[in-house]
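Chains, contacts and geometry: an overview
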Amino acid sequence: MNRAPSITLYGTPPSGHAHRVEVLLKLLGLPYSYVTATVDVRQTPEFLALNPLGQIPVLQDDEAVVCDSTAILIYLIEKYAPDSPWLPRDPKTRAEVQRWLSIASAEVRFGPATARAVSQWNMAGNLDSAKAIAARLFNFMEGHLAGRLFLAAPHPTLADLACYAYIAHAPEGGIDLSPYPHIQAWLGRVAAIPGFTDMAPLPLPAQ
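Below you will find a few notes about this structure. Residue numbers restart at each chain and count upward from 1, following the sequence in its written direction. Residue-level local features of this predicted model are given only where pLDDT is at least 70; pairs of side-chain atoms are given and counted only at 80 or more, and the full residue set underlies all totals for whole chains, interfaces and linings. With hydrogens and water set aside, each side-chain value is computed from the structure's full complement of heavy atoms.

**Quick word on the overall build of the protein**
- Counting from the N terminus, the helices are DSSP H or I runs at least four residues long and the strands are E runs at least two residues long. Secondary structure assignment for the protein yields 8 helices and 4 strands.
- Relative to its length of 207 residues, the protein is compact, with a C-alpha radius of gyration of 17 Å against a globular reference of 17 Å.
- For the C-alpha atoms alone, the extent of the protein along its principal axes is close to 50 × 40 × 25 Å.
- Each residue's exposure class comes from its accessible area (1.4 Å probe, protein chains only) as a fraction of the maximum for that residue type: buried when under 20%, exposed when over 50%, partly exposed otherwise. The burial tally for the protein puts 46% of its 207 residues in the buried class. As a reference, a globule follows 2.2 Å times the number of residues to the power 0.38, and the radius of gyration itself is taken over C-alpha atoms.

Here's what the structure looks like:
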């Protein structure tokens with residue numbers, strides 16, 4: 001009998017990067033422990049031995065250490081659910097998923113995620129630039145989702161998990177989602193996936 005995996009996820013609850021990994025762990029039914037890796041923890045020699053860049057999330061699976069949220073998503077599927085619809089095997093759909101994983105690491109990261117970080121924690125970044133990136137992304141997504149249920153396929157994939165959190169919580173960065181009904185409908189469909197759990201909301205910034 002195979003023993004249960006020994007998985008540890010290092011992250012923080014407000015991190016959308018860590019959230020996408022935690023959601024997938026739950027949806028796959030994988031047991032795991034969670035270590036809250038705040039900024040001071042990420043500067044310790046122990047953490048830097050796991051990820052010399054000092055970034056979260058980090059996944060430790062027995063002896064394997066995987067850094068970067070999208071890399072972790074792919075690792076978990078390839079190891080524990082290779083035939084699942086989360087990462088389809090046909091080349092066209094798989095390429096579509098990869099496209100959205102890249103968008104999650106670029107436009108989502110530098111748009112709504114940065115606006116939220118600047119607004120909530122006064123982190124370094126240009127709020128106006130982040131909002132402009134978000135507006136360009138959301139205008140594109142609104143058209144893309146006009147005739148689709150999910151981002152990369154007719155069913156949920158890693159693309160949806162990777163993009164969800166920072167877009168759903170964009171108002172916490174001062175970005176209004178009301179002009180984007182198709183995005184809002186998509187967010188509702190992702191949130192309705194059985195077993196899905198959202199991040200805890202943060203206060204909206206003063207207008």
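**Some words on the environment of Gly 16**
- Residue placement: Gly 16 occurs in helix α1 (residues 16-27).
- C-alpha of Gly 16 to C-alpha of Leu 149: the two residues are 133 residues apart in sequence and 22 Å apart in space.
- Excluding its chain neighbours within four sequence positions, the residues that come into contact with Gly 16 are Ala 165, Tyr 166 and Met 199. Contact between two residues is taken to exist if any of their heavy atoms lie within 4.5 Å; hydrogens are not considered.

**Here's the deal with the pattern of salt bridges**
- For this analysis, a salt bridge means a side-chain nitrogen from Lys or Arg found within 4 Å of a carboxyl oxygen belonging to Asp or Glu. Applying the stated criterion across every chain, the model contains 6 salt bridges.
- With a closest N to O distance of 2.8 Å, Arg 89 and Glu 78 form a salt bridge. Highlighted residues: Arg 89 in the loop between α3 (69-80) and α4 (91-105) and Glu 78 in helix α3, separated in sequence by 11 residues.
- Assessed through its relative accessible area of 46%, Arg 89 is described here as partly exposed.
- Given the relative accessible area of 33%, Glu 78 is considered partly exposed.
- Residues Glu 96 and Lys 92 are paired through a salt bridge, measuring 3.3 Å at the closest nitrogen-oxygen approach.

**Observations concerning the packing of aromatic side chains**
- Note on ring pairs: Phe, Tyr and Trp rings are taken, using the six-membered ring of Trp, and paired if centres are within 6.5 Å. Classes follow the plane angle, with under 30 degrees stacked, over 60 edge-to-face and the rest tilted. Taken as a whole and judged by the stated rule, the model has 4 aromatic pairs.
- Aromatic side chains Trp 100 and Phe 140 sit 5.7 Å apart centroid to centroid with 15 degrees between the ring planes, which places their arrangement in the stacked category. With Trp 100 in helix α4 and Phe 140 in helix α6 (residues 127-144), this pair connects stretches of sequence that are 40 residues apart.
- Taking the relative accessible area as the measure of exposure, Trp 100 reaches 0% and is therefore buried.

**Observations concerning the environment of Ala 81**
- Summarising the element assignment, Ala 81 is placed in the loop between α3 and α4.
- Among the residues examined, Ala 81 registers a relative accessible area of 12% and is labelled buried.
- Along the sequence, Ala 81 and Leu 24 sit 57 residues apart, while their C-alpha atoms lie 11 Å from each other.
- Apart from residues no more than four positions distant in its own chain, Ala 81 is found in contact with Leu 28 and Leu 76.

**A short note on the pairing of strand β2 (residues 33-36)**
- Strand pairing is assigned whenever DSSP detects at least two bridges linking the two strands. Across 4 bridges, the pairing between strand β1 (residues 7-11) and β2 is parallel. When the sheet's bridge partners are listed, Gly 11 is paired in β2 with Thr 36.

**A few points about the packing of α1 against helix α7 (residues 158-168)**
- Between α1 and α7, the shortest axis-to-axis distance is 8 Å and the interhelical angle comes to 135 degrees. When the interaxial angle is binned, α1 and α7 end up oblique. Viewed along their axes, α1 and α7 form a crossing whose handedness is right-handed. Along its contact with α1, which presents Gly 16, His 17, His 19, Arg 20, Val 23, Leu 24 and Leu 27, the element α7 presents Leu 158, Leu 161, Ala 162, Tyr 164, Ala 165 and Tyr 166. As a rule, the C-alpha atoms of each element are fitted with a line to give its axis, helices using only the stretch in contact, and angles between N-to-C directions run from 0 to 180 degrees. Between 65 and 115 degrees an angle is taken as roughly perpendicular, under 35 as roughly parallel, over 145 as roughly antiparallel, and anywhere else as oblique. Each crossing gets its hand from how the near helix is turned against the far one by less than a right angle, where anticlockwise is left-handed and clockwise is right-handed.

**Focus: the side chain of Ser 84**
- Here Ser 84 is to be found in the loop between α3 and α4.
- Classification of Ser 84 by relative accessible area gives buried; the value is 15%.

**Notes on the nonpolar core**
- If you look at the biggest cluster of nonpolar residues, it comprises 54 residues, and the most contacted ones within it are Phe 138, Met 141, Leu 158 and Trp 186.
- Contributions of two or more residues to this core are made by β1, α1, α3, α4, α5 (107-121), α6, α7 and α8 (181-191).
- Considering each element in turn, this core owes the most residues, 9 residues, to α7.
- Leave out the neighbours within four places in its chain, and Leu 158 touches Leu 24, Leu 73, Ile 74, Ile 77, Trp 86, Leu 87, Val 97 and Leu 101.
- Take the buried residues of types Ala, Val, Leu, Ile, Met, Phe, Trp, Tyr and Cys, join any two whose side-chain atoms come within 4.5 Å, and each joined set is a nonpolar core. Ranked by size, the runner-up nonpolar core spans 6 residues in total, among them Tyr 10, Ala 37, Leu 50 and Val 58.

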